[in-house]
Amino acid sequence: NVFKVATAYAIAGIVIISTAFIYNKINVNDYTPKSEHINDGPITGAKHSMGYITTVRSYPFEVIPSIGISKAFDNLQIQKRKATRNLNWQTMGPTNIGGRTLALAIHPDDPDLIFAGSASGGLWKSTSGGEGVNAWEYVRTGHPVLGVAAIDIDPNNGNLMYIGTGEAYGTEENYPGIGPTRTTRGSYGIGILKSDDGGQTWEKSLDWSLEQRRAVQKIQINPLRSESVWAATTEGLYRSLDGGKNWENVHSIRMATDVIISPADTNTIFVAHGGMGSLGHGIYRSVDGGTSFVKANLVEGVGPSQYLGKAVLDISKSNPDIIIASIGNSDGAIEGDENDNITWIMRSDDGGDNWFLVFKSGSELAIFQGWYSHAIAIHPKDPNIVWAAGQPFNIYKSEVGGSSLTPYELINVVTPGSEDEVDVYPFQIGWADHHDIIFHPTQSDTIYIVNDGGIFKTKNGGTTFINCNSGYQTVQFYNGVSNSNTNPSLFMGGLQDNSSIIYEGSLDWRRRWAGDGAWTALNQENNLIAYLSAQFGQATVSYDLYTSTIYGDFYAFPGSEAFPSNETNFITPYVLSAADNTTMYIGGEKIFKSTNGGINWFPTNSDLKLDGNAMSVLVASEQNPNVVYAASSPKAVRPHVYRTSNGGDTWVQITQDLPDRFPTDMAVDPNNDLIAYITFGGFGTSHVFKTEDGGNTWIDIGVGLPDIPTWSITVDPENNNTLFVGNEVGVYQSIDGGNSWTNINGDLPDAVFAMDLVVSRSDRKLRVATHGNGAYEIDMLQLVATQESNDPIKFDLQQNYPNPFNPNTTIRYQVPKREKVLLQIFDINGRLVTTLVNEVKNSGPNQVIFNGDNLASGTYIYRLTIGGKVQSKTMQLIK
């Protein structure tokens with residue numbers, strides 16, 4: 001079944017404030033409208049999770065806007081500098097489980113100094129070669145760096161280094177599969193950063209802050225001339241001849257995945273292009289320093305004249321005439337003929353003049369992850385020794401130039417210095433989805449492997465491996481975390497590609513169950529009963545959470561035939577009612593219910609689908625087990641929001657005028673289930689809304705929050721005017737019910753992808769589960785103090801939303817100080833239609849709803865007058 005395939009083969013993959021009072025709306029003309037939303041299964045888990053994150057960000061358009069999160073992060077930095085108080089977040093870990101890792105580089109003069117690039121947790125540094133307890137520290141760059149896919153350090157000057165940001169696998173033209181086209185993965189790309197002081201400070205080198213769909217996938221510094229730097233990017237191969245001051249795209253074929261420089265003649269450059277069958281894919285060589293390139297002929301020896309995946313390269317340091325390539329043929333589909341998911345190892349022994357096939361893999365190496373995860377490396381002293389890795393748990397060694405492969409399992413993993421040198425990282429002794437292989441510069445039997453489980457290394461040529469993840473806090477939480485209301489040492493969540501994990505008061509979390517961890521639930525009357533889940537809503541229940549040594553009783557929610565995976569989201573929501581700790585609900589295209597803690601399930605809504613979409617959010621009342629809110633995600637039709645007050649017998653559609661965006665989270669007031677909140681992904685709208693009447697009407701409370709995908713919201717159970725919202729740069733607080741917001745990132749990493757939020761009631765802590773930096777908590781006493789001082793409020797009239805509209809639209813404006821406000825509507829000929837506001841208003845953000853029900857279609861002008869200042873804008877009524 002799909003779960004077994006995903007578990008065995010593809011446990012794999014799957015950021016700004018405006019000023020505190022200005023809602024910055026991205027220009028929707030920056031988008032391409034989306035034509036359809038499809039699910040072309042069966043595909044790999046990595047691709048499913050990729051599509052899920054992407055759809056949330058881009059819907060209803062094909063791609064995210066080029067500016068991405070740049071403006072929001074810049075304003076976030078301004079507000080943090082002006083903050084009047086320090087907010088001190090405490091790490092919760094996990095510090096014993098590594099997250100997805102894309103790159104690693106070793107200092108040329110001090111090999112114990114290494115840098116690692118995580119998929120959405122930024123840049124990290126270790127001064128002990130990754131060994132020992134708490135071996136890693138986060139490196140602040142001062143930029144919104146989440147995904148680091150490339151690192152290189154100058155071999156002649158260890159203080160000079162570059163990092164490349166973003167992660168990508170396909171182009172707009174060629175990306176197939178689920179959901180919208182995507183060109184970013186776990187994070188946005190902002191180009192290349194450079195450091196001249198060993199990573200203490202960073203400056204932009206190749207500045208793509210306003211082109212965040214792009215990604216940098218490999219960086220190489222010329223070993224003979226430090227001013228010469230090469231970068232393989234989504235846009236092609238870039239070259240700088242002046243130390244990163246200026247860059248030129250010298251080979252503009254899209255999806256450059258790797259670049260290597262011949263150490264014998266640095267005018268000889270090899271570059272690989274290709275991703276998801278992108279145009280022009282192949283391996284190219286330049287012998288004139290990038291002036292011209294010639295495509296390699298890979299057909300001889302039954303090599304791949306065409307391929308769907310990506311290619312990665314290496315060149316022998318001891319004999320630079322030898323070049324090797326691992327080439328994947330998968331575009332992410334699990335099923336296909338025998339050639340669809342193979343991996344070729346090609347080799348040249350004459351400097352790239354001729355290539356021949358040395359190995360063709362059907363079950364080893366990349367399999368159906370050839371578009372995503374595989375690596376190859378030549379021993380620096382013996383070119384006959386080749387190491388390769390891909391999707392399976394094994395890594396492979398060849399002593400005959402790659403023509404045969406011997407598997408090495410990541411077993412016997414030890415942590416030097418621990419008691420009996422046993423592995424203290426449960427379920428971390430072997431991992432899949434490998435992204436790079438790096439040799440120690442002087443000790444060639446020491447090799448680092450980076451993969452979706454973090455960082456491992458061998459010091460004896462593969463006999464044993466060391467787990468190098470202690471202190472490397474980079475796991476990627478999904479939404480759906482759970483927290484005990486009575487025990488501050490109990491917290492659970494699901495991770496991308498790293499199972500579900502449990503916090504028990506220690507930074508070393510306990511891993512439970514396999515797959516991509518997803519939503520969780522905890523019985524608040526009996527904390528021994530806990531529910532975990534993996535992709536597509538397949539879950540486990542444990543009735544003895546602390547002492548059980550097995551995963552628990554496995555069952556699919558609510559059964560594979562009644563609840564097929566193609567009718568659920570990759571991350572499937574389910575809830576356990578806190579009103580009775582027995583009633584459960586789970587949402588695919590249908591919503592199912594259990595009244596006995598998940599033992600038996602039956603469909604709600606007379607066994608009918610709500611709108612044909614799969615649910616993305618469920619939230620239950622704390623007073624009544626029959627009251628539940630649900631939100632669907634776009635597939636058959638636009639998303640909708642629903643409420644039931646009779647346990648699911650009927651569901652009332654309460655979407656009203658909420659924006660057509662992907663719903664990401666909901667919260668219900670713990671003391672009044674008529675009050676609920678919802679957040680949305682995407683760009684170009686407000687992202688947070690509130691209802692005080694069970695969904696009959698909705699209030700936009702997103703004014704003052706940045707226009708970026710927003711993933712989480714929670715309510716302080718002791719003060720329902722205090723709200724917390726998480727988006728792709730951090731955490732925001734409102735102490736007035738959503739009328740105003742301030743960022744509370746404090747000393748969190750430069751930017752955090754705040755995937756979920758929860759209040760720990762027993763010790764009054766706010767907890768954030770991030771998608772890339774693990775979990776943090778902060779004492780609520782720090783948060784009830786006066787909010788940070790913000791920029792002075794400016795006179796501002798914003799564009800109405802929606803626009804065009806029919807018949808209602810919202811007009812937002814800012815009042816700089818308490819003063820008389822006049823807001824009027826005129827027709828295109830300047831005739832007064834109506835006066836919306838004519839009264840004294842206090843300083844701050846305001847909004848008013850204009851109803852054009854009695855007007856004809858056309859262009860109208862709305863004008864704001866405050867203290868002699870006037871602003872006007874136009875809007876379109878289309879009936």
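All values derive from a computational prediction rather than experimental measurement. (Residues numbered from 1 in each chain as written. Predicted model: local features only at pLDDT ≥ 70, side-chain atom pairs only at ≥ 80, totals over all residues. Heavy atoms only, no water.)

As for the overall build of the protein chain
The following threshold applies: Put simply, DSSP marks the helices as runs of H or I at least four residues long and the strands as runs of E at least two long, and each gets a number from the N terminus on. Working definition: with a 1.4 Å probe on protein chains only, accessible area under 20% of the residue-type maximum means buried, over 50% means exposed, and in between means partly exposed. In short, Shrake-Rupley with a 1.4 Å probe defines the accessible areas, and a residue's cover is counted only from the protein chains shown.
Per the secondary structure count, the protein chain includes 4 helices and 63 strands. Counting only residues that meet the buried cut, the protein chain has 65% of its 879 residues in that class. A total of about 29,100 Å² of accessible surface is found on the protein chain, and carbon and sulfur atoms cover 46% of it.

Some points on the sheet that holds strand E7 (residues 157-165)
Stated precisely, the cut-off is as follows: When DSSP finds at least two bridges between two strands, those strands are taken to pair. Here, axes are lines fitted to C-alpha atoms. For helices the fit covers the stretch in contact, and angles between N-to-C directions go from 0 to 180 degrees.
On the basis of which strands lie adjacent, the open sheet formed by 4 strands has the order E6-E7-E8-E9 and antiparallel pairing. What marks the edges here is a single partner per strand, and that holds for strand E6 (148-154) and strand E9 (203-207). Averaged over neighbouring strand pairs, the angle between their axes works out to 25 degrees when direction is ignored. The sheet contact formed by E7 and strand E8 (residues 191-195) spans 4 bridges and is antiparallel. Across the sheet, Gly164 pairs through a bridge with Ile192, a residue of E8.

Focus: the confidence of the model for the protein chain
Note the threshold: One confidence number per residue, pLDDT, is output by the predictor and ranges from 0 to 100. It only takes one pair of heavy atoms within 4.5 Å for two residues to be counted as in contact.
Confidence in the prediction for the protein chain averages 86 pLDDT; 85% of positions are at 70 or higher. Across residues 549-555, where pLDDT falls below 50, the model places 23 contacts with residues more than four positions away in sequence or in other chains. Segment residues 786-791: pLDDT under 50, and 23 contacts once partners within four positions in sequence are set aside and those in other chains are kept.

Things to note about the pairing of strand E24 (residues 395-398)
Here E24 shows no split at all, with Ile395 and Lys397 on one side and Tyr396 and Ser398 on the other all buried. With 4 bridges joining them, strand E23 (residues 386-389) and E24 adopt antiparallel strand pairing. Among the inter-strand pairings, Ala388 is bridged to a residue of E24, identified as Tyr396. Here E23 hands over to E24 after 5 residues, the two strands then running antiparallel side by side. Bridge count for E24 against strand E25 (residues 406-408) is 3 bridges, and the pairing is antiparallel. Note on E25: the bridge partner recorded for Tyr396 is Pro407.

A closer look at the side chain of Asp516
Rules: Polar contact is the term for a pair of N or O atoms within 3.5 Å; when the atoms are in protein, one must be able to donate a hydrogen and the other to accept it, and sequence-neighboring residues count only if both atoms are side-chain atoms.
Mapped onto the fold, Asp516 is located in the loop between strand E33 (510-512) and strand E34 (521-522). Within polar-contact distance, the side chain of Asp516 engages the side chain of Gln496 at 3.5 Å. Engagement of the side chain of Asp516 in a polar contact is seen with the backbone nitrogen of Asp497, the distance being 2.8 Å.

Things to note about the pattern of salt bridges
Heads up, the rule is: Salt bridge, as applied in this entry: a Lys or Arg side-chain nitrogen positioned within 4 Å of an Asp or Glu carboxyl oxygen.
Tallying each qualifying case throughout the model produces 31 salt bridges. Linking Arg100 and Glu167 is a salt bridge whose minimum nitrogen-to-oxygen distance equals 2.6 Å. Of this pair, Arg100 sits in the loop between strand E1 (90-93) and strand E2 (101-106) while Glu167 sits in the loop between E7 and E8, and the two are 67 residues apart along the sequence. Both residues of the pair, Arg100 and Glu167, count as buried. Across the pair Glu399 and Lys397 runs a salt bridge whose closest N-O atoms are separated by 3.5 Å. Salt bridges sharing common partners tie together Glu211, Arg214, Glu235 and Arg254.

Thoughts on the packing of aromatic side chains
The condition is simple: Two aromatic rings, drawn from Phe, Tyr or Trp (for Trp, its six-membered ring), form a pair once their centres lie within 6.5 Å of each other, and the interplanar angle then sorts them: stacked below 30 degrees, edge-to-face above 60, tilted otherwise. Ring-over charges, as used throughout, are those where CZ of Arg or NZ of Lys falls within 6 Å of the ring centre and within 35 degrees of the ring normal.
A complete count under the given rule lists 15 aromatic pairs for this structure. When the ring of Phe536 is compared with that of Phe570, the centres are 5.5 Å apart and the planes differ by 90 degrees; the resulting orientation is edge-to-face. Linking Phe536 in the loop between strand E35 (530-533) and strand E36 (538-542) with Phe570 in the loop between strand E37 (553-556) and strand E38 (574-576), this pair joins segments that are 34 residues apart in sequence. As far as the burial class goes, Phe536 and Phe570 line up, both buried. Following the ring pairs from residue to residue traces out a cluster consisting of Trp124, Trp136, Tyr138 and Tyr472. Here the guanidinium or amino end of Arg214 rests over the ring plane of Trp208, the centre of that ring lying 5.0 Å away.

Some remarks on the sheet that holds strand E43 (residues 628-632)
The 4 strands are arranged E42-E43-E44-E45 in an open sheet whose pairing can be described as antiparallel. Each edge of the sheet is formed by a strand with only one pairing partner; in this case those strands are strand E42 (615-620) and strand E45 (652-653). Summarising the sheet, E43 and strand E44 (residues 641-644) pair through 4 bridges and their orientation is antiparallel. Bridging across to E44, Tyr629 finds its partner in Arg643.

Let's talk about the nonpolar core
Our working definition: For the purposes of this section, nonpolar cores are sets of buried Ala, Val, Leu, Ile, Met, Phe, Trp, Tyr and Cys residues that join through side-chain atoms within 4.5 Å.
Grouped together as the largest cluster of nonpolar side chains are 58 residues, with contacts concentrated most on Tyr531 and Ile591. Excluding residues that lie within four positions of it along the chain, Ile591 makes contacts with Tyr585, Ile586, Pro603, Thr604, Leu610, Met615, Leu618, Ala630 and Trp651. Counting residues in each nonpolar core, the second largest holds 19 residues, with Phe795, Val821, Ile825 and Val837 among its members.

Quick notes on the side chain of Ser330
Within the element layout of this structure, Ser330 appears in the loop between strand E19 (323-328) and strand E20 (343-348). Accessibility expressed as a relative area gives 0% for Ser330, which makes it buried. At 2.6 Å, the side chain of Ser330 forms a polar contact with the backbone oxygen of Phe368.

A word on unusual backbone geometry
Cis peptide bonds are those with omega within 30 degrees of zero, and the linkage from Gly93 to Pro94 qualifies with 0 degrees. Positionally, Pro94 belongs in the loop between E1 and E2. Going from Asn806 to Pro807, the amide bond is cis rather than trans, its omega being -10 degrees. Looking at where Pro807 falls in the secondary structure, it is placed in the loop between strand E57 (796-797) and strand E58 (808-815). In this structure, Met255 is a non-glycine residue whose phi angle is positive, near 60 degrees. As for its placement among the helices and strands, Met255 is situated in the loop between strand E13 (248-251) and strand E14 (256-261). In this structure Met255 comes out as buried when scored by relative accessible area, which is 2%.

Comments concerning the environment of Ile345
Looking at where Ile345 falls in the secondary structure, it is placed in strand E20. Here the alpha-carbon distance between Ile345 and Leu365, two residues 20 residues apart in the chain, equals 9.8 Å. If sequence neighbours within four positions are ignored, Ile345 has contacts with Ile324, Ala325, Phe356, Leu357, Val358, Phe359, Leu365, Ile376, Gly402 and Leu405.

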